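Close look at the chain arrangement
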Amino acid sequence: MAANQEREQRRRLLDVASRFPLPSGCRFSYGTAGFRADGATMAPAVCRAGILAALRSVKLAGAAVGIVITASHNPVGDNGVKIADPDGGMMAQHWEPFADALANAPDPDALLQLVLQFAKDEGISLGGHHTAQVLLGRDTRPTGEYLLDAALQGINAIVGAHAIDMGILTTPQLHWMVRSKNKGIKASESDYFTQLIDSFSRHMLELVPKDKGGDELAKKLIVDGANGIGGVKLEQIKAELSGIDINVRNSGKEGEGILNHMCGADFVQKERVTPHGFSPEDVGVRCASLDGDADRLVYFRMSSASDNKVDLVDGDKILSLFALFIREQLDIINNNGSQVNKSMPARLGIVQTAYANGASTQFLKNHGLEVVFTPTGVKYLHKKALEYDIGIYFEANGHGTIVFSEDFLSQLQSLSNELSSDAANGSAQYRAAMRLMAASQLINQAVGDALSGLLLVEAILQYKGWSFQNWCELYSDLPSRQLKVKVIDRSSIVTTEAETKVSQPSSLQELIDKETANCAHGRCFVRPSGTEDVVRVYAEASTQVEADSLARSVAHHVEHHLG
Ligand SMILES: CC(=O)N[C@H]1[C@@H](OP(=O)(O)O)O[C@H](CO)[C@@H](O)[C@@H]1O
Ligand SMILES: [Mg+2]
């Protein structure tokens, strides 16, 4: 690079680093979901994430990269930052060590040296005639705007980088925008809404058989917006969603409540009780709950007016509904026996983690589906799902989506073109192909998206003519228990086989095996959390008493071994 450009690049980096000194004692780690901490302490990490995102875009020849400022389901005082790669997925994992080093660089000089060295190692030419673009989004947290400014300053510290503030968004909207922009398709918020509304109302619902679709109650849905951005966005589009009557609670409006406090998908899934803002009048109505940045979705129903317990439909059951629907459409296309003898072999893969309830895995396998496991964290699940023609993944907590390969979608497109142009138009085979096309447009293929996931659930329930009860009864969850154990150093536990076995200390696994063997349908594993300073224990058994006791005994062994 020319000497003056090089000087300018160095000056900008030193400048920005001195504007955002790292408070002493701060240590950031780019965990499962980027950097997270108390929002008021996040500016240095967010500024550095800005530098990181701009470097990532330079490295990828100027492709758009995303920054989301959010702490998801965590308390309103927290905030965080994560980076989306050009395909809309999470930042490539091999950049995470650099992300950590950059966030923790102790002073401006160390930061400059780190960037220069990394740029050299990665072959990134700085200060030259490159361009970089970074799209930014943030949730409704009060520290969002202040952190946005820190991110902008970080991006602008890289010569040639261009930042575009997309405003207050759900996390999946920003991922969708990054993906769309790089595909050369329209990527604004109104394009996102149009895609959702059209693929739901015009395409999916049109393909519901005439004798299905349900009555007025079946169309009624109450959504707990966690007082976050998901409720705000849903309010904006709900009037345009025909065939469904949505009532938003905890909508994020001034005075309605605090973000994620006693509400939202994480609260409902963990506590299994009604969120704030619901009353006995809601008993029996189908309800959904989003998390604070609207990338998680669970469903529930208040079981009775006398207590606040709920019947929960978690990510595993949403996954099961999606899997049955997709399988059914593929079967119609391939076994239809229609006069148009077309078939479309497709590899359908279901991806879960060890936290998936064993009953869901059994259910999916009983339906002949291929189920595979990855470690916890959507970056692993998403990557695995991409190996299939159609990959469906969900974490039990409600984060998940469906991904379709380009090749499969183009075959599907040609099949529907062929079928539409002859006597088969209107055939079951044609309609099944069109349903898959509509699903691929409705679902956010960049990342789990509570809004698009919710609309796909609603469309499938109408298609099947199913009530919440029918859906709940697909299978019964095995009783389970999750515990957290505080230990001195959680990293001393090393796991293998998608985190289901402890390889170190090996004596711990022997003890887990022994305890598990004492339980009917017992299953138990432990792993260090990627987001909290704890070891998580998960146990499942045929009764709640046994699951509780298995979890307790194993937690005791963990404490004893690692104290
Ligand atoms: C048991 C559990 O729910 N773990 C969560 C949690 O990860 P841990 O590594 O378990 O702390 O946060 C992740 C990020 O939100 C999410 O992907 C994951 O599912
Ligand atoms: Mg979230």
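Values in this document were obtained by computation on a predicted structure and should not be read as measured data.

Calculation criteria
- Residues numbered from 1 in each chain as written.
- Chains lettered and ligands numbered in written order.
- Predicted model: local features only at pLDDT ≥ 70, side-chain atom pairs only at ≥ 80, totals over all residues.
- Heavy atoms only, no water.
- Helix = DSSP H or I, 4+ residues; strand = E, 2+ residues; numbered from the N terminus.
- Buried < 20%, exposed > 50% of the residue type's maximum accessible area, 1.4 Å probe, protein only.
- Contact = heavy atoms within 4.5 Å.
- 1 Å grid on protein atoms, 1.4 Å probe; cavity = no way out; pocket = protein on both sides within 12 Å on 5 of 7 lines; lining within 4 Å.
- Points joined across faces, edges and corners; volume = space filled by probe spheres on them.
- Nonpolar A, V, L, I, M, F, W, Y, C, P; charged D, E, K, R; others polar.
- Domains from an automatic or database assignment.
- Buried area = accessible area lost by both parts, 1.4 Å probe.
- Salt bridge = Lys/Arg side-chain N within 4 Å of Asp/Glu carboxyl O.
- Polar contact = N/O pair within 3.5 Å; in protein donor to acceptor, adjacent residues only side chain to side chain.

Section: the side chain of asparagine 250
The residue asparagine 250 is located in the loop between strand E7 (245–249) and helix H10 (265–271) in this model. When its relative accessible area of 1% is taken as the criterion, asparagine 250 is described as buried. Setting aside residues up to four positions removed in sequence, asparagine 250 forms contacts with Asp224, Gly225, Ala226, Asn227, Gly228, Glu256, Cys263, Pro275, His276, Gly277 and Phe278.

Some points on empty space enclosed by the protein
Enumeration according to the criterion identifies 3 cavities of 30 Å³ or more in this entry. Taken as a whole, the largest cavity holds about 50 Å³ of empty space. Around the largest cavity, the lining residues are Tyr30, Gly31, Thr32, Ala33, Gly34, Lys82, Ile83, Met90, Met91, Glu96 and Lys379. Here the residues of the lining of the largest cavity sort into 5 nonpolar, 3 polar and 3 charged. Its boundaries defined by the atoms lining it, the second largest cavity holds a volume of some 40 Å³. Along its surface, the second largest cavity is lined by Trp176, Tyr192, Gln195, Leu196, Gln441, Leu442, Ile443, Asn444 and Ser452. Looking at the lining of the second largest cavity, the elements with two or more residues in it are helix H7 (189–204) and helix H15 (428–442).

Re the domain arrangement of the chain
Domain parsing of the chain yields domain 1 (3–185), domain 2 (203–313), domain 3 (316–472) and domain 4 (480–562). For domain 2 and domain 3, the distance between their C-alpha centroids amounts to 23 Å. Facing the 33 residues of domain 2 at the interface are 34 residues of domain 3. Looking only at domain 2, the three residues that lose the most surface to domain 3 are Met204, Leu207 and Val313, adding up to 25% of its buried area. If you look at where domain 2 meets domain 3, you find 1 salt bridge. Residue arginine 286 is joined to glutamate 458 by a salt bridge in which the shortest nitrogen-to-oxygen separation is 2.6 Å. In this assembly, domain 2 and domain 3 are joined by 8 residue pairs in polar contact (both at pLDDT 80 or more). Of all the elements in the fold, those that place two or more residues in the side of domain 2 that touches domain 3 are H7, strand E6 (220–224), helix H9 (229–237), strand E8 (287–290), strand E9 (297–302) and strand E10 (310–313). In terms of residues, the side of domain 2 that touches domain 3 owes the most to one element, E9, which gives 5 residues. Taken together, the residues that form the side of domain 2 that touches domain 3 break down as 19 nonpolar, 5 polar and 9 charged.

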